[in-house]
2 protein chains.
Amino acid sequence: MSNAALQYAATHTDQHLEHLKELIRIPSISGMSVHHPDVRRAAEWLANHLNTCIGFTNARVVEGIALPMVYAERLIDPAKPTVLVYGHFDVQPIDPIELWNTVPFEPTLVGDNLYARGAVDDKGPTMAALKALESLLATDGLHVNIKVLLEGEEESGGESISDYVAKHPTELACDYVLILDTGMVGKDIPTITHSLRGITYVEITAHGAAGDLHSGGYGGIAPNPLQALAWVLADLKGRDGRINLPGLYEMVRPLTPADKAILDRQSAERGPDMLAAAGLTSFPGEHQYSAMERMTSRPTFEVHGIIGGFIGEGSKTVIPAEAKAKVSLRLAPGQNSVKVFDILKQRVSELAPEGVTMEVVWLNGGEPLLLPLDAPVLKIAAAAYGAEFAAPVEYVRGGGSIPVAALFDSTLHAPSVMLGFGLPDDNVHAPNEKFHLPYYYAAIRSCIRFLTALGA
Amino acid sequence: MSNAALQYAATHTDQHLEHLKELIRIPSISGMSVHHPDVRRAAEWLANHLNTCIGFTNARVVEGIALPMVYAERLIDPAKPTVLVYGHFDVQPIDPIELWNTVPFEPTLVGDNLYARGAVDDKGPTMAALKALESLLATDGLHVNIKVLLEGEEESGGESISDYVAKHPTELACDYVLILDTGMVGKDIPTITHSLRGITYVEITAHGAAGDLHSGGYGGIAPNPLQALAWVLADLKGRDGRINLPGLYEMVRPLTPADKAILDRQSAERGPDMLAAAGLTSFPGEHQYSAMERMTSRPTFEVHGIIGGFIGEGSKTVIPAEAKAKVSLRLAPGQNSVKVFDILKQRVSELAPEGVTMEVVWLNGGEPLLLPLDAPVLKIAAAAYGAEFAAPVEYVRGGGSIPVAALFDSTLHAPSVMLGFGLPDDNVHAPNEKFHLPYYYAAIRSCIRFLTALGA
C-alpha cells in the first residue's frame, strides 16, 4: 500500500479543500447558456490545475460539439492496466434560489458539511479522484496508466462526450473506468453500484382514418387509434406484470444465488420505505420476485404518455386520426436495447387491430451494465473503499441508467467501477446541496488505495 | 288542404324572400360577444315581425340566462293538438372571411342559391316555418294550437333554452315539436330524421402513487395509471367491437324489419362513400351489423383523449401519479344515459388493477330519440313534405345528437318532427353557406300542409 501517498493526502487536507472551493466558486451551470462561459472557465481551471498542481503535463481543454471537456493522461507501462478517471465539472441550476440557506456558489462549511451547488454532484468527488492522483504523483508515482476525462455537460444531455468517445476509442482505450458520481444507501455504508439497467425508449404511433372524425358521424364504425393503443398496450403487458414479448425474458442473465440473496435482503430493508415514499401499500405486478429484483434486474414496460384526441376541459367527441404512446422498457443485464426494439416492433405490428396501422419509432436506448460480484476489479475496489468504513460494502444494482457508464461500456468495452460518496440527504439537484466533507478525504484515500492495488 | 294558404304563399314569394333577407342582414353570431347586441336585435326583429306581419299579437323577447329567445303562441282549441315550432336565429362566425365569394351578411342570389351566413342554418328554414304560419293566419286560420320558441344560442351551447324549457314545462307543453334544422341526404330527396342517439360522456381518472415517479427508481414496481387505463379500456371494448358492460345491449330497442331494411339499403348506398371520405377500406368492429345500423342504432364506446404523463417531444421516463381518459358512449334508442353511466362506473371500479383506484365522473349526457316509422304524426309529416318531391321520403337515423330535440323529448315529452331542407353541399358552418331557394318555398308549403293535416 502506498503509505507515502496516503501520508501526503493526510498532510494536504486544507490545501485540497481550498482547491475544491476554488472550483466550486465557478458557477458552471451547463443547462443555462448564460453560464456557458463559466463552464469553459471551469474546464480551463481544471486543465491548468492538472498541469500545475496534480502533476500532469499534457492536460488540455478538449472542444466538444457543444461544451468543452478536459483530458489528460500519464501512461507509465503498457503492461499495466489503464484506468480512465471520469468526473464532471458542470452543475445543475440553483433555482429556487430563495430556498438556499447559504450562497450557492460560495462553499460554506457548517459542521462537517460543505454546502454549495456542485459540492457533491460532482465537483467534490471529481476533485477527490484528482487529489488521489496528485498524492500518488507527488510521492511514489502511478502504478497504473491513467487517462482523465472530465465532462462539462453531464447535467444537460452529455452530447459532447458521447460524440467524443465514439470518435476516439483508441485514444481513450482503457481497462477500467473509475467513476465517483453515485451515492451511498445510508451514512457510513460504503456502496458500490455494480449493475445498471439499460433502456429502449420508443414512440408507438397508431394511424386510423385519414382525418379526425366525429363520433356522431363515425362512432362505432371508425377505427379509434386511442382504443387501438389500449388494446396493444394491454396485450403487451398483463395485469400480472408479465411483458408479453417473445424471447424477452430468455435474454435476461440469471441472478446468482448471491445476487438474489442481496436483493432479497435489500427488499426487506428498503421495501417498506419505498412503499411509504410512493404512498403505496403494495407493489403491483410480479409478486413472485422481490421488490429490489423487480426494480433492478427485471425488464420493465412502462407507458410514459399518450398523445392524441381531445385533452382540454369538458367534452369533445372526436375520434382522432392518429394517437401516439411513449413507452420504455428498462432492460436487465443480458438484454440488448436494439434486439428488444426489434422484438417490440414486430410484435406491435402483429397486434395492430383492423383498420389501424402501427409504427414503432426508436427514441433512444442504452445498454444494461453488470460488473459481476466475483469480478476481481470489484474485489480490489471493495477492499480499497471498504477500508474507510466499519460497515461492509453494500453492492447495489441500480434501476436506472448512467448514460456515461453505458457509453464507456459499449464503446470502450471497459467496465465502470462506481464508488459512492453521496448521501441520500445531500440534496442533489436541489437547494442546499452539500457534501459530507469527511467523505472528500475518504474518497481521496479510497482512490489512492484502489489505484495502487490495481497496479500491484 | 288549405288551398287558400298555399295560394297566399304562392303570391307572396318576393315578400317572403325580402323578409328573410332582412333577418339575414343582422349578423347575429352568438359565439362572439361583440355580436351579442346583434343577437338581441335579431330577437327583437323576430318578435316584431311575428306581431306585425306573421299574425301573432303576443310575441315577445324572452330573456335567457345568457342570450334572449323569442316566444309567441296562438291557442285555438284545447281539443286540437299543440305544435311547438322551434328554430334558431343565431349563426356561426364567418371566419375565414377571405374564402367567401360574397359578403357574408348580404344575402346574394346566384342562380337558385341564396348565399349568406345563416341562409340555411337556420334563418331560412326558421323563416319558412313562420311564413307558413303567416299564410295560414292570413287565410283560413290555424288548425292546431301553435307555440313558437326561437333560440339565439344554438351555435354556442344552448344554455338559455335548456334552462328556460326546464323551468317552463307547463307554458311550453305541446304534443309535437316541429324542427326545420336538419338536412337532406341528397338533392330533391325529402329526408326526415326520426331517430337520434343519446350520449353518456365521462372522464375516467386512474390514481396510482402519491406523486409522479421515475422509471429508473420505480419502473417495474409502481402502479402505472396509463397502463391501468389501457387494461380497463381494452376490457371494456373488445377487438370485435363489443362493449363489455353488463346489460348494455339488453336496453337497446330492437329494430323492426322495416328499420333494418332501410339501414341495410342505406349502408349499401352510402357505405362506400363514407369509407372513401374517411380514407378507410373497412369499418372495423361489429361486422355482423350493417354500417348504418352500427352508426345510428348500436351503442358505441369511444376514447376521445388520454391525459397524463409526458407528451412533449423526446423522451422522459415518468410514471405519472394520475391519468385520465375522456370516453363517451353513444346510446341507441331504448338506452338511458344515467343507467349507462351507473353500469360503467360500477364496471370500471371492478376492473381497476392492483394499486390503482379509478373514478368515473359524468361530464355530460343526453337521451336517444326515436319517432317510430309507424307513428301517425310521421305519416302526416311525410305526406305533407313528400308532396314537394318526386322521390320518396327517406327516413334517416342520426348517429349523433340534436340537443334541443333531446331536451323537448325529455322535458316536454313531445316528439320532434324534423323535416330537412339543407343540402350536403350547403357549406353549413363554413364559408359560402347557401340555401337552395326553391326549398324555402317548399318548406313554407310543407309546413302549411303538415299543420293543416295535423289539425284535420
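Residues numbered from 1 in each chain as written. Chains lettered and ligands numbered in written order. Predicted model: local features only at pLDDT ≥ 70, side-chain atom pairs only at ≥ 80, totals over all residues.

Chemist: Whenever I open this one, the overall build of chain A confuses me. Can you help?
Modeler: Scanning chain A from N- to C-terminus turns up 13 helices and 18 strands. Its C-alpha radius of gyration of 25 Å places chain A within 12% of the 23 Å reference for a compact globule of 456 residues. Viewed in the frame of its principal axes, chain A has a C-alpha envelope of about 80 × 50 × 45 Å. Taken over 456 residues, chain A has a buried fraction of 54%. Taking contacts inside chain A between residues at least 6 apart in sequence as the whole, the part at least 24 apart equals 80%. (Helix = DSSP H or I, 4+ residues; strand = E, 2+ residues; numbered from the N terminus. Rg over C-alpha atoms; globule rule 2.2 N^0.38 Å. Buried ≥ 20, exposed ≤ 12 C-beta atoms within 10 Å, placed from the backbone. Contact = placed C-beta atoms within 7 Å.)

Chemist: How do you make sense of the relation of the copies chain A and chain B when you look at a structure like this?
Modeler: Each of the two chain copies can be brought onto the other by rotation about an axis and movement along it. Each copy superposes on the other: chain A lies on chain B with an RMSD of 0.1 Å after a rotation of 180° and an axial shift of 0.1 Å. Seen this way, the second copy is the image of the first under a two-fold rotation axis. No C-alpha of chain A lies nearer the rotation axis than that of Ala230 of chain A, which sits 2.0 Å from it. A high fraction, 100%, of the interface residues of chain A reappear at the interface in chain B, so the copies pair face to face through one surface. (Least-squares fit on C-alpha atoms with pLDDT ≥ 70 in both.)

Chemist: Explain the domain arrangement of chain A here, please?
Modeler: Think of interface size as the accessible area that goes away when the parts come together; that is how it is often given. Residues and elements named next belong to chain A. Segmenting chain A into domains produces domain 1 (3-196 + 368-455) and domain 2 (198-253 + 288-364). Counting residues at the interface gives nine residues for domain 1 and eleven residues for domain 2. The residue makeup of the side of domain 1 that touches domain 2, split by class, is four nonpolar, four polar and one charged. (Domains from an automatic or database assignment. Nonpolar A, V, L, I, M, F, W, Y, C, P; charged D, E, K, R; others polar.)

Chemist: Could you clarify how one ought to interpret the interface of chain A and chain B in this entry?
Modeler: Taken residue by residue, the interface counts 60 residues in chain A and 60 residues in chain B. Where the side of chain A that touches chain B is concerned, the elements lending two or more residues are α6 (215-218), α7 (225-236), α9 (291-297), β11 (302-307), β12 (318-319), β13 (322-331) and β14 (357-366) of chain A. When grouped by side-chain class, the residues that make up the side of chain A that touches chain B number 28 nonpolar, 23 polar and nine charged.

Chemist: Where do I start with the sheet that holds strand β4 (residues 108-110) of chain B in this structure?
Modeler: Within a sheet, adjacent strands bond to each other through the backbone by hydrogen bonds, running parallel or antiparallel. Residue and element names in this part refer to chain B. Taking strand neighbours across the sheet as the criterion, the three strands line up as β4-β5-β18 in an open arrangement whose pairing is antiparallel. Edge positions in the open sheet fall to β4 and β18 (434-436), since each of these has one partner strand only. Shown here is a sheet whose adjacent strand axes are inclined to one another by a mean of 25°, direction ignored. Pairing analysis gives three bridges linking strand β5 (residues 113-115) to β18, with the strands arranged antiparallel. The residue bridging Leu114 from the neighbouring strand is Phe435, located in β18. Sitting on the sheet, helix α4 (residues 119-137) is in contact with β5 and β18, with an inclination near 45° to β18. (Pairing = 2+ DSSP bridges. Axes fitted to C-alpha atoms, helices over the stretch in contact; angles between N-to-C directions.)

Chemist: Explain the pairing of strand β9 (residues 198-207) of chain A to me, please; I cannot follow it from the model alone.
Modeler: It is a general feature of regular strands that their side chains alternate between the two faces of the sheet. Residue and element names in this part refer to chain A. Of all ten residues in β9, eight are buried, a share of seventy percent or more. Relative to β13, β9 is paired through ten bridges, and the arrangement is antiparallel. Its bridge partner being in β13, Ala206 is matched across the sheet by Ala323. The pairing of β9 with β14 spans nine bridges and is antiparallel. Among the inter-strand pairings, Ile199 is bridged to a residue of β14, identified as Gly366.

Chemist: Can you help me understand α7 of chain A in this one?
Modeler: The periodicity of an α-helix, 3.6 residues per turn, causes residues three or four places apart in sequence to face the same way. All names here are of chain A. Look at α7: 16 Å from first C-alpha to last across twelve residues, which is about the 16 Å you get at 1.5 Å a residue. A large share of α7 lies buried, amounting to eleven of its twelve residues. For α7, the complete set of buried residues consists of Pro225, Leu226, Gln227, Ala228, Leu229, Ala230, Trp231, Val232, Leu233, Ala234 and Leu236. (Expected span 1.5 Å × (residues − 1).)

Chemist: Just checking my understanding: could you explain the sheet that holds strand β18 (residues 434-436) of chain A for this structure?
Modeler: All names here are of chain A. Read from one edge to the other, the open sheet built from three strands follows the order β4-β5-β18, with strand pairing classed as antiparallel. Where the open sheet ends on each side, the last strands, each with one partner, are β4 (108-110) and β18. With strand direction ignored, the average angle separating the axes of adjacent strands in the sheet is 25°. Sitting on the sheet, helix α13 (residues 437-455) touches β4, β5 (113-115) and β18, and the angle it makes with β18 is about 60°.

Chemist: Would you mind showing me how to read the confidence of the model for chain A here?
Modeler: Do not read the fine detail of predicted coordinates wherever pLDDT is low. Scored by pLDDT, chain A comes out at a mean of 96, with 100% of its residues at no less than 70. This prediction of the complex comes with two scores: 0.90 for pTM and 0.90 for ipTM. (pLDDT = per-residue confidence, 0-100.)

Chemist: It is not clear to me how the pairing of strand β16 (residues 394-397) of chain A should be interpreted in this structure. Could you clarify?
Modeler: All names here are of chain A. Side chains of β16 alternate between two faces, with Glu394 and Val396 and Tyr395 and Arg397 buried alike. Bridge analysis of strand β8 (residues 191-196) against β16 gives four bridges, and the strand direction is parallel. Of the residues in β16, the one forming a bridge with Thr193 is Val396.

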